[in-house]
Amino acid sequence: QPTRHLPMNRYRTLPALLPLAFLLLMVAAPLARLLQEGHAGFSLALLQDSYIQWRLLWSAGQALATCALALLIGLPLAWVLARFDFAGRRLLLRLLMLPFVMPTLVAGMGVLALFGPHGVAGVNLQDTPWLLLYGNLFYNLPLLVRAGVDGLEQVPASRLAVARTLGASPWRTFWRVEWPVVRPWLASALCLIFLYCFAGFGLALLLGGQRYATVEVEIYTLVAYELNLADAGVLALLALGVGAAVALAYAALERGLARPQRLVPTLRTPAQGWPQRLLLASALTVLALCCLLPLLAIVWRALQADAVVWEMLAEPEVLAALGNTLRFSGAALGLSLLLGLCHGWAAQRWLALRALVFLPFMVSPVCLAFGLLLLYPQYSASVGLLIAAYALLAYPFVAKGVLSA
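Attention here is on the structure that accompanies the text. (Residues numbered from 1 in each chain as written. Predicted model: local features only at pLDDT ≥ 70, side-chain atom pairs only at ≥ 80, totals over all residues. Heavy atoms only, no water.)

## Structural notes on the overall build of the protein chain
- Within the protein chain, the secondary structure is distributed over 18 helices and 2 strands.
- Taken over C-alpha atoms, the radius of gyration comes to 23 Å for the protein chain, in line with the 22 Å a tight globule of 405 residues would show.
- Each principal axis of the C-alpha atoms in the protein chain carries an extent, and together these give about 70 × 70 × 50 Å.
- Considering the protein chain as a whole, with its 405 residues, one finds that 42% of them fall into the buried category. (Helix = DSSP H or I, 4+ residues; strand = E, 2+ residues; numbered from the N terminus. Rg over C-alpha atoms; globule rule 2.2 N^0.38 Å. Buried < 20%, exposed > 50% of the residue type's maximum accessible area, 1.4 Å probe, protein only.)

## Some details on unusual backbone geometry
- Phi at Asp127 takes a positive value of approximately 65°, unusual for a residue other than glycine.
- For Asp127, the position within the fold is in the loop between helix 4 (104-115) and helix 5 (129-152).
- Asp127 gets classed as exposed once you look at its relative accessible area, which sits at 58%.

## A word on the packing of aromatic side chains
- Scanning the entire structure with this criterion turns up 15 aromatic pairs.
- Seen from their ring centres, Tyr220 and Tyr225 are 5.8 Å apart, and the 90° between their planes marks the pair as edge-to-face.
- When its relative accessible area of 62% is taken as the criterion, Tyr225 is described as exposed.
- Taken together, Trp171, Phe174, Trp175 and Trp179 form an aromatic cluster joined through their ring pairs.
- The residue whose ring lies beneath Arg211 is Trp54, and the NZ or CZ to ring-centre distance is 5.0 Å. (Phe/Tyr/Trp six-rings, centres within 6.5 Å; stacked < 30°, edge-to-face > 60°. Lys NZ or Arg CZ within 6 Å of the ring centre and 35° of its normal.)

## Looking at the environment of Ala271
- The topology assignment puts Ala271 in the loop between strand 2 (269-270) and helix 11 (273-291).
- Distance from Ala271 to Arg83, taken between C-alpha atoms, is 9.0 Å for residues 188 residues apart in sequence.
- If we ignore the near neighbours within four places in the chain, the residues touching Ala271 are Phe84, Asp85, Gln276, Arg277 and Leu280. (Contact = heavy atoms within 4.5 Å.)

## Notes on a nonpolar patch on the surface
- On the surface, Val309, Trp310, Met312 and Leu313 cluster together into a nonpolar patch covering about 380 Å² of accessible area.
- Note on placement: Trp310 falls in helix 13 (residues 307-311). (Patch = residues over 30% accessible without salt bridge, like charges linked within 9 Å, V, L, I, M, F, W, Y side chains within 5 Å. Areas by Shrake-Rupley, 256 points an atom, 1.4 Å probe, with all protein chains shown as cover. Salt bridge = Lys/Arg side-chain N within 4 Å of Asp/Glu carboxyl O.)

## A short note on the pattern of salt bridges
- Considering all chains together, one arrives at 4 salt bridges under this definition.
- Here Glu218 makes a salt bridge to Arg55, at a shortest N to O gap of 3.5 Å. With Glu218 in helix 9 (residues 215-224) and Arg55 in helix 2 (residues 50-83), this pair connects stretches of sequence that are 163 residues apart.
- On the basis of relative accessible area, Glu218 is assigned to the buried category, the value being 8%.
- Note that Arg89 and Glu153 form a salt bridge whose closest N and O atoms lie 3.1 Å from each other.

## As for helix 12 (residues 293-303)
- Among all positions of helix 12, only Pro294, Leu295 and Ala297 are buried. The arc that holds the buried residues of helix 12, viewed along the axis, is 160°, so those residues lie on one side.
- Buried residues in helix 12 make contact with helix 4, helix 5 and helix 11. (Arc of directions from axis to C-beta.)

## Digging into the nonpolar core
- In this structure, Val145 and Phe358 are the most contacted members of the largest nonpolar core, which totals 85 residues.
- Looking at which element gives the most residues to this core, the answer is helix 7 (residues 170-198), with 13 residues.
- Counting 20 residues, the second-largest nonpolar core is a separate cluster that includes Met102, Ala107, Leu132 and Tyr134. (Core = buried A, V, L, I, M, F, W, Y, C linked by side-chain atoms within 4.5 Å.)

## Side note on the side chain of Ser188
- Note on placement: Ser188 falls in helix 7.
- One polar contact links the side chain of Ser188 to the main-chain carbonyl oxygen of Trp185, over a distance of 2.8 Å. (Polar contact = N/O pair within 3.5 Å; in protein donor to acceptor, adjacent residues only side chain to side chain.)

## Details of empty space enclosed by the protein
- Throughout the structure, instances matching the rule amount to 2 cavities of 30 Å³ or more.
- Space inside the largest cavity adds up to approximately 80 Å³.
- Around the largest cavity, the lining residues are Leu31, Leu34, Leu35, Gly233, Ala236, Leu237, Leu240, Val363, Ser364 and Cys367.
- For the lining of the largest cavity, the element with the highest residue contribution is helix 10 (residues 229-257), accounting for 4 residues.
- Considering only enclosed or pocket space, the second largest cavity measures out at about 40 Å³ in volume.
- Lining the second largest cavity, in full, are Tyr250, Ala251, Glu254, Arg354, Phe358, Lys400 and Leu403.
- When contributions to the lining of the second largest cavity are tallied by element, the ones reaching two or more residues are helix 10 and helix 18 (383-404).
- Among the elements that make up the lining of the second largest cavity, the one with the highest residue count is helix 10 (3 residues).
- Here the residues of the lining of the second largest cavity are counted per class, giving 4 nonpolar, no polar and 3 charged. (1 Å grid on protein atoms, 1.4 Å probe; cavity = no way out; pocket = protein on both sides within 12 Å on 5 of 7 lines; lining within 4 Å. Points joined across faces, edges and corners; volume = space filled by probe spheres on them. Nonpolar A, V, L, I, M, F, W, Y, C, P; charged D, E, K, R; others polar.)

So, in structure tokens, the structure goes:
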């Protein structure tokens, strides 16, 4: 065809200019400004401090532990949801993403309402590592389950039929036929989970306490309370290096998963007999314990509130706050859609550009916020900077969806 030999790179380069300029202004420049502010006391000797070493080890350890727990719990759940058909399955898969989009403060309140000092469950896990690990699972388990379901649905029905015809057991069928297909999907989800947990701030601040806070909380303490920008810069650069390595691994895996394939997916069947029904019921119960209980705990606490507390919703300040939330969210959604479409279209062939999609998640949000305030002090109370900051954290999800499609 006449257009077949036209160079397509230029059509992908032009859309990339907008998100790259946005990342330069909103990420690279603020971080450089923050590091410039603290360059006088910049020293890697900080990493020899045992306290900082514990923070770094715990940050990586809790992220790895969350990945292991999510894989151990999420893979069987994904297999059940991918192979069995039941009423409400499609709705359940959509609701699975509800914890993932839940505000950090709401999620932390839910976990504390369930396992806090006066929790509904009657078990106090405060000041223990289990509280933060449960909060991480609440957030990230649905991500692995959805990835596992999508991966298992890519297993060709013909391969499973051949395995059954040859007399392979269910476990051998899974290990030889299903596992090689679903493994890249799980690996990509685990990269994201590690990135979210290692760079997490809000949930670690609420649930980690003084002993089990992560490196992001330590960066916040150094900047906000001690004004120690040099040490905060060292930790921010270290966190950026870890995040960049994980993001590159994720981008490589995601590029392989985005290749179109022609296959006949395996048909789901209703659970038959008491073993399969018990397996399905157990999976749904575990899913509810990990992802639904914190939300129900919040609802329970809200229903116990007095009428005076509910009347607060009609106060002018609260109504103004709700209106601002809708305005900011709508404006950020429009900007995120534009940036995500441009970045996703341009990054189809470039691995580095794919990795840059998650640059906002690689950097310390605390350092980024203070860098923005230092670089743009005249816009510190402006709506534009606030909307741009919202869009910075939101548009990678749009770009990821475009790349997957």
